[in-house]
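Remarks on the overall topology
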Amino acid sequence: MEEQELLLRAKQGCQDAFGHLVAQYEARVFHQALRMVGSPEDASDVTQEVFFKAWRSLPQFQGNSTFATWLYKLTDHAAIDLLRRERKRRGDVTLDHVSLDVPQLSDPTPSPQASLEAKELRDTVAHGLNQLSAEHRQVLVLREINGLSYQQIAQLLHLSVGTVKSRIARARLSLADIVRKSGNLSSSHSSNPTDRR
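Below is a short write-up of the structure.

Another point: the overall build of the chain. When helices and strands are counted, the chain shows 8 helices and 0 strands. Going from N to C terminus, the chain has its helices and strands arranged as α-α-α-α-α-α-α-α. Going through the 197 residues of the chain one by one, you find that 43% of them count as buried. For the chain, the proportion of contacts with a sequence separation of at least 24, taken over those separated by at least 6, is 62%.

What follows is the structure, encoded as structure tokens:
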């Protein structure tokens, strides 16, 4: 059954159709939430909240964006809400446990030294992300980790594409500066670790 038919049936209250949509998107929503909140437990909470809100709001979904983009938006908002609640409860929330992509090494079984350097780079980038402003961290996670296009991010955050590009450029520069200053940027990673286009 195609997604549009599932959506139509789910909007009419068919729980089975919505269950198929959940099965199709649950992993993506979870991984986006995990990148934002850093904790698998919190990511699970966000995922549940996203699909609860999606089910409740589905009759109002007009299809002005794709269902996937709509879920990204719900996930982003739910994750930010959770981080705000945690910040109020515990003080600053860190992203130290965020799992970030690191350029693949050509050797499928890297040496202990290479593994240690890769881990240090991941930790440094995660720490650097935490030092960025919320708006810069948000666009960088959406672009570099979740792989959204500039247009999708603009639609998701209700910004112009130019504003999105500008924020991402500033976020990359800030993050690269933080990583360089940490002293953990080896010569093999001398380029901006997030500079993918």
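Let's shift gears to the environment of Glu-3. Along the chain, Glu-3 turns up in helix 1 (residues 3-11). The class for Glu-3 is partly exposed, based on a relative accessible area of 21%. The sequence separation of Glu-3 and Phe-67 amounts to 64 residues, and the corresponding C-alpha distance is 8.8 Å. When near neighbours in sequence (up to four residues on either side) are disregarded, Glu-3 contacts Leu-21, Gln-24, Tyr-25 and Phe-67. Polar side-chain contacts of Glu-3 include one of 3.3 Å to the side chain of Gln-24.

Conventions and cut-offs
Residues numbered from 1 in each chain as written. Predicted model: local features only at pLDDT ≥ 70, side-chain atom pairs only at ≥ 80, totals over all residues. Heavy atoms only, no water. Helix = DSSP H or I, 4+ residues; strand = E, 2+ residues; numbered from the N terminus. Buried < 20%, exposed > 50% of the residue type's maximum accessible area, 1.4 Å probe, protein only. Contact = heavy atoms within 4.5 Å. Polar contact = N/O pair within 3.5 Å; in protein donor to acceptor, adjacent residues only side chain to side chain.

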